[in-house]
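Residue-level listing of the chains:
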Amino acid sequence: MVRVRFAPSPTGIQHIGGIRTALYNYLFAKKNQGEFLLRIEDTDQKRLIKEAEGALLEMLRWLEIEPKGNIVHQSKRLDIYKKYAKELVSKELAYEKDGAIWVKMPESKSFEWTDLVGNKHIRFEGKDQKDFVILKSDEFPTYHFANVVDDHLFEITHVFRGEEWISSTPKHLYLYESFGWKRPEFVHLPVILGSDHTKLSKRHGAKSVLDYRSQGYLKEAVLNYMALLGWNPGGDREKMSLDEMIELFKIDHINSANPIFDQTKFEWLNGVWIRSISTKDLQERLIEFYSDDKEVTETLKSSKSPDLVKVAASRMKTLMDFKSLVSKTSQREKTREEIKIAKKLKTFLTQNLKTWEDAELLNAIKEFSKEEDIPFKTIFFLLTGKEQGIGILELNQIYGKDFLISNLEGK
Ligand code: GLU
């Protein structure tokens, strides 16, 4: 049976790259009817960050890629690591120095494996490896040791992790060999780069999944975009739900080149998702998103809400765009010249229009624009209060004549 684990160290808030590893684990486990476990590698006590675990769990919960069963905390398993460290000492494969236990690396061996990303054969020579600590003098294990012991005890079949761990893998292989344990397959994921082709970091505006949530990204878009950072099912298919990704996921399709995080594409994909869920669903998500904003909540609960949500959706990249799109407040004050034009336009429309039906309104606007030689974008601003946004006719349908006129009257 396939059994994978996500094994973060709670030394910081995971950004999107870390959660991509969780997602690939999840997709692979689901695809193969396997198990996905969560192990918190909290052995480096000095570097622990209190909020990290809670934030991580919240991310997995929001994205609905939660692990199965209990969460393992390595800091609660010190006795186990100690026992195994002693075993290596008694086999004379490890030795004590300065109160710590070290593994002696054999110079004559080589360490090799075929990484499942790109089926790449990787080999390290023992002579280039150094002895390393497995148990520190405070009795905490090091990452390398606890990681291997647990992957063995939990019968992990595939290790998905960032490619920055490739150079640690010889140590891990030697530990498997020393204990006579079967080693898992390794799937080292190419690191995500920013637009300047250096490792994605806060400098590039890399954010945590929770930041994207508060900026109005849908979980479907976050999952979808994260998945595409290093994997695609072939062809030009880009929009996929979690279930579709499970269906299509294959390690063979993980790209061995480093993916580049493209903010514009992420926003585009979010817009695609916003338009693909039902108006009712979008309305509910907006209500939740704007729960602290009285004004928007009122709009969302009004009878006009479904119409507004529908027309706004076609122009939204994130849920955050909704507020300015539907706000009745003008984006800026009119210039003196614009005030004059607005007055004229008001007189023109009130004198010429009978029904204020769309066709009639549109004709009148065209006529006014031609006769007075006023560009359409000025008229758009005067009638809607926005440089761009929901169209005049749509606002005429939703808010009606009085709203358009009031825009012409105001400052
Ligand atoms: N604790 C390591 C990390 O945070 C886990 C690496 C691994 O999966 O082996 O990346």
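Everything here concerns the structure above.
Below or above, wherever it landed, is the structure these notes cover.

Basis of the calculations
Residues numbered from 1 in each chain as written. Predicted model: local features only at pLDDT ≥ 70, side-chain atom pairs only at ≥ 80, totals over all residues. Heavy atoms only, no water. Near = heavy atom within 4 Å. Polar contact = N/O pair within 3.5 Å; in protein donor to acceptor, adjacent residues only side chain to side chain. Areas by Shrake-Rupley, 256 points an atom, 1.4 Å probe, with all protein chains shown as cover. 1 Å grid on protein atoms, 1.4 Å probe; cavity = no way out; pocket = protein on both sides within 12 Å on 5 of 7 lines; lining within 4 Å. Sits in = over half its atoms within 2 Å of the grid points. Nonpolar A, V, L, I, M, F, W, Y, C, P; charged D, E, K, R; others polar. Points joined across faces, edges and corners; volume = space filled by probe spheres on them. Helix = DSSP H or I, 4+ residues; strand = E, 2+ residues; numbered from the N terminus.

Focus on the site of the ligand
Turning to step 1, where the next piece is worked out: Taken together, Arg5, Ala7, Pro8, Ser9, Glu41, Tyr143, Asn147, Arg161 and Trp165 make up the full set of residues near the ligand.
Turning to step 2, where the next piece is worked out: One nitrogen or oxygen atom from the main chain of Ala7 is found 2.8 Å from a nitrogen atom belonging to the ligand.
Turning to step 3, where the next piece is worked out: Here an oxygen atom of the ligand and a side-chain polar atom of Trp165 are 3.1 Å apart.
Turning to step 4, where the next piece is worked out: In isolation the ligand offers 300 Å² of accessible surface; the protein chains occlude 85% of this area.
Turning to step 5, where the next piece is worked out: In a pocket analysis with a 2 Å cut-off to the grid points, the ligand is assigned to the largest pocket.
Turning to step 6, where the next piece is worked out: Each residue belonging to the shell around the ligand can be placed in one class, and the counts come to 4 nonpolar, 2 polar and 3 charged.

Some thoughts on the layout of surface pockets
Turning to step 1, where the next piece is worked out: Within this model, the largest pocket holds a volume of roughly 1000 Å³.
Turning to step 2, where the next piece is worked out: Every residue lining the largest pocket is counted, 38 residues in all, and those nearest its centre are Ser9, Gln14, Gly18, Glu164 and Trp165.
Turning to step 3, where the next piece is worked out: For the lining of the largest pocket, the element with the most residues is helix 1 (residues 16–31), which contributes 4 residues.
Turning to step 4, where the next piece is worked out: Of the residues that constitute the lining of the largest pocket, the class distribution is 14 nonpolar, 13 polar and 11 charged.
Turning to step 5, where the next piece is worked out: Empty space within the second largest pocket amounts to approximately 300 Å³.
Turning to step 6, where the next piece is worked out: Taken together, Arg61, Trp62, Arg213, Tyr217, Leu218, Lys219, Glu284, Arg285, Glu288, Phe289 and Leu319 make up the full set of residues lining the second largest pocket.
Turning to step 7, where the next piece is worked out: When residues of the lining of the second largest pocket are traced back to their parent elements, those giving at least two are helix 2 (50–63) and helix 10 (279–289).
Turning to step 8, where the next piece is worked out: Broken down by element, the lining of the second largest pocket gets its largest block of residues, 4 residues, from helix 10.
Turning to step 9, where the next piece is worked out: Here the residues of the lining of the second largest pocket are counted per class, giving 5 nonpolar, no polar and 6 charged.

Quick look at the side chain of Arg5
Turning to step 1, where the next piece is worked out: With respect to the helices, strands and loops of the structure, Arg5 is situated in strand 1 (residues 3–6).
Turning to step 2, where the next piece is worked out: Of the polar contacts made by the side chain of Arg5, one reaches the side chain of Asp151; its length is 2.9 Å.

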